[in-house]
Amino acid sequence: MSLRSLGRVLRFGLMNVLRNGWFSIASIIVITITLFIIGVFAIQSFVIVGTTQGIQDKLDLSVYFNDDVPEEDILAIRTAVANRPDVKSVDYISKERAFEIWQERRTSERVKSLVTPEDNPLPRSLVIHAYDPGKLGTLAKLFERDQYQEQVRRVSYRDNQSVIESLVATARSVRQSGWILAAIFFFLSFVLIYNMTRVIILSRAHEIEIMRLVGSTTTFVRAPYLVEAAVIGFVGALLALGAVYLFLRYDLASATPLLSIAKFLAPDMLEFFWSNLVTITIVTLLLGIGSTVFMSSVAVRRFVKF
Amino acid sequence: MIDLVHVTKSYARVSHPGQRVLALDDVSLTIEKGELVSLVGPSGAGKSTLVRLLIAEERPDSGKLLVAERDISRLAPRELPYYRRKVGVVFQDFKLLPRKTVAENIAFALEVSDASPADIRERVPRMLTLVGLADKGANYPNELSGGEKQRLAIARAMVHSPRILIADEPTGNLDPGTTTEIVELLERINRSGTTIILATHNKDVVDRLRRRVIAVEHGRVVSDRQIGRYELPSHHAAVGAEGLGS
Ligand SMILES: Nc1ncnc2c1ncn2[C@@H]1O[C@H](COP(=O)(O)OP(=O)(O)OP(=O)(O)O)[C@@H](O)[C@H]1O
Ligand SMILES: [Mg+2]
């Protein structure tokens, strides 16, 4: 096909979008909804996965020691623990370091002033990272044994773990329902676009017949429908991107039951949206244009008899 | 120019699955370049079937269909558009695009066959002048009379300068005065060298032309005269031909 014909095919396709008014609008709406759902769920999945990964890395076991335990004893325990094959690292937090960490905390000056280097009630501790955060429980049990009862004031790790587990579980179920919803809407848009293309083709039987009689090539008859579909996919993708942005920007996720997990992730999702804008835009456009063109080409293949 | 060699064509009967209607039964004929041939016969004789075979809209069951020494029943699908540009065709129902102007209807035929804008600018007015519609270019088809619509259809059919123009009942919807107008236009186009095949029911048209007449009945050629008149061997056919649409 020559460049000239390509230009004409594009023009015919664009004209068709306008000619079909309501059909085009309806198709754009379902495509927008489909891509919007996919967009929101995909972004949420990525953010949840990213967050749990981050939390996993931060997971540790803190063993706090009584103030009367000699430092050599703590360091000896540290060496012993560090030699275990399942332990990644062990950090010793002295009273001075504990004070520094205390000062870095975001609390009021009044609370901070409760602790001074001279009057420092903060305990010394060992911070243990395991290769597998799931093993932290086993390690914690070690320090709960009688031999350490005199030395260890407190062991802490549990709270984080349960958060992680519920986050991972929710992420999984959210992703599943997201895919199911997306599949339903993909099916809906397929049915709509396929039928729309079919009805338009049948309504233009007269025009198609004339094109055939005057010696038009098949491409000329078929390609405008694909251009039309591409325009619908393109506009739908742009609208979906806008809708996803507004959804995240105004934190509408919190109001949606299925997405309520997103409540505390909303800022992360918006941040993810901005920092991956180019990729998200390209993927959405490809998905929108690709799916609509595919859907209408199935109908064109079937119904444009030439 | 055109050679039919033992051409047979049948259609499947939708109402009686498994059965077929024989539309053309072993037809052989030759049409020379520059001829103006009338194709007559009662309704259902097979005239339109012959037209559809000639524009490669249908394929024969058997036999050869040679146009300019090429067997058009063996054209590959991608060759069809190029073949159809060489054969113009008009019908009783004009087949115009109602939402395009007269000029756009002609330009459309050129646009969809990869003509250059310069070509389109040159050919559209030339075709309008040819058929006497030069001052109607901006009108829409529903603003034209029946005769003008058919002239527009002829202008569009001639836009690729085809060597053959086929007209299937072109005057079927027209009054006698307008019919004469269209027939004179076809004669004029024929004088400039285009071979014309005219399928018609119209006795006056055929008798006035005094050119070759091929009569078909039940899918067979029943007479072929160089200077023919509209007369059919079987009387029931002659009666049936009066006032029947296609
Ligand atoms: N598409 C089709 N499917 C089935 N049968 C058909 C089809 N087209 C034509 N026929 C049958 O083939 C025969 C020839 O039809 P055709 O249209 O060629 O006749 P015709 O001479 O053009 O008639 P008319 O003068 O009424 O236009 C008829 O019996 C008709 O019923
Ligand atoms: Mg007919």
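Because the structure is a prediction, the values reported are computed rather than measured.

Participant: Can you lay out the domain arrangement of chain A for me, pointing to particular residues and giving the numbers?
Facilitator: Splitting chain A by domain gives domain 1 (3-55 + 172-303) and domain 2 (59-163). The straight-line distance from the C-alpha centre of domain 1 of chain A to that of domain 2 of chain A is 53 Å.

Participant: Give a detailed account of helix H3 (residues 102-111) of chain B, specifying residues and quantitative values.
Facilitator: H3(B) sits mainly inside the fold: eight of its ten residues count as buried. Where H3(B) is concerned, the buried positions are Val102(B), Asn105(B), Ile106(B), Ala107(B), Phe108(B), Ala109(B), Leu110(B) and Glu111(B). Tucked into the core, H3(B) has its buried residues touching helix H1 (3-19), helix H8 (205-213) and helix H9 (218-249) of chain A together with helix H4 (117-130) and helix H5 (146-157) of chain B.

Participant: Please set out a negative patch on the surface residue by residue, giving values where relevant.
Facilitator: All names here are of chain A. Residues Glu71, Glu72, Asp73 and Glu96 make up a contiguous surface patch of negative charge. The element best represented in the negative patch is helix H3 (residues 71-82), accounting for three residues. Taking the relative accessible area as the measure of exposure, aspartate 73 reaches 33% and is therefore partly exposed.

Participant: Requested: an account of the side chain of Gln150(B), with residues and values cited.
Facilitator: Residue and element names in this part refer to chain B. Tracing the sequence through the fold places glutamine 150 in helix H5. The exposure class assigned to glutamine 150 is buried, which follows from its relative accessible area of 0%. In contact with glutamine 150, other than residues within four places in its own chain, are Val90, Phe91, Gln92, Phe94, Pro170, Leu174 and Ile182.

Participant: Please provide a residue-by-residue account of unusual backbone geometry, values included.
Facilitator: Residues and elements named next belong to chain B. For histidine 6, which is not glycine, the phi torsion reads 45° and is therefore positive. Its place among the elements puts histidine 6 in strand E1 (residues 2-12). Using a relative accessible area of 47% as the deciding quantity, one classes histidine 6 as partly exposed. Positioned with a positive phi, alanine 56 is a non-glycine residue whose angle comes to about 60°. Mapped onto the elements of the fold, alanine 56 is located in the loop between helix H1 (47-54) and strand E4 (62-67).

Participant: I'd like a rundown of the site of ligand 1, residues and numbers included.
Facilitator: All names here are of chain B. Around ligand 1, the surrounding shell holds 17 residues, and the nearest of these are Ser43, Gly44, Lys47, Ser48 and Thr49. In this structure, an oxygen atom belonging to ligand 1 sits 2.9 Å away from a main-chain N or O atom of glycine 46. In this structure, histidine 201 approaches ligand 1 through a side-chain N or O atom, which is 3.0 Å from an oxygen atom. Within the complex, the protein chains bury 70% of what would otherwise be the 630 Å² of accessible surface of ligand 1. Elements supplying a minimum of two residues to the shell around ligand 1: E1, strand E2 (20-31) and H1.

Participant: Go over the interface of chain B and chain A with me, naming the residues and quoting the values.
Facilitator: The interface is formed by 24 residues belonging to chain B together with 18 residues belonging to chain A. In this assembly, chain B packs against chain A so that about 1900 Å² is buried in total across both faces, 58% of it on carbon and sulfur atoms. The interface formed by chain B and chain A includes four salt bridges. As a salt-bridge pair, Arg212(A) and Glu57(B) come within 3.3 Å of each other at their nearest N and O atoms. Where chain B packs against chain A, one counts eleven residue pairs in polar contact (both at pLDDT 80 or more). Counting only elements with at least two residues in the side of chain B that touches chain A, the list comes to helix H2 (80-84), strand E6 (87-91), H3 and H4 of chain B.

Participant: Tell me about the pairing of E4(B), and please be specific about residues and values.
Facilitator: Residues and elements named next belong to chain B. Judged from the five bridges that link them, E1 and E4 form a sheet pairing that is antiparallel. Across the sheet, leucine 4 pairs through a bridge with leucine 65, a residue of E4. Examined bridge by bridge, E4 and strand E5 (residues 70-71) share two bridges and lie antiparallel to one another. The residue of E5 that forms the bridge with leucine 66 is aspartate 71. If you look at the hairpin formed by E4 and E5, you'll find two residues sitting between the two strands, and alanine 68 has a positive phi there, around 50°.

What counts and what doesn't
- Residues numbered from 1 in each chain as written.
- Chains lettered and ligands numbered in written order.
- Predicted model: local features only at pLDDT ≥ 70, side-chain atom pairs only at ≥ 80, totals over all residues.
- Heavy atoms only, no water.
- Domains from an automatic or database assignment.
- Buried < 20%, exposed > 50% of the residue type's maximum accessible area, 1.4 Å probe, protein only.
- Helix = DSSP H or I, 4+ residues; strand = E, 2+ residues; numbered from the N terminus.
- Contact = heavy atoms within 4.5 Å.
- Patch = residues over 30% accessible without salt bridge, like charges linked within 9 Å, V, L, I, M, F, W, Y side chains within 5 Å.
- Areas by Shrake-Rupley, 256 points an atom, 1.4 Å probe, with all protein chains shown as cover.
- Salt bridge = Lys/Arg side-chain N within 4 Å of Asp/Glu carboxyl O.
- Lys, Arg positive; Asp, Glu negative; His and termini not counted.
- Charge placed at Lys NZ, Arg CZ, Asp CG, Glu CD.
- Near = heavy atom within 4 Å.
- Polar contact = N/O pair within 3.5 Å; in protein donor to acceptor, adjacent residues only side chain to side chain.
- Buried area = accessible area lost by both parts, 1.4 Å probe.
- Pairing = 2+ DSSP bridges.

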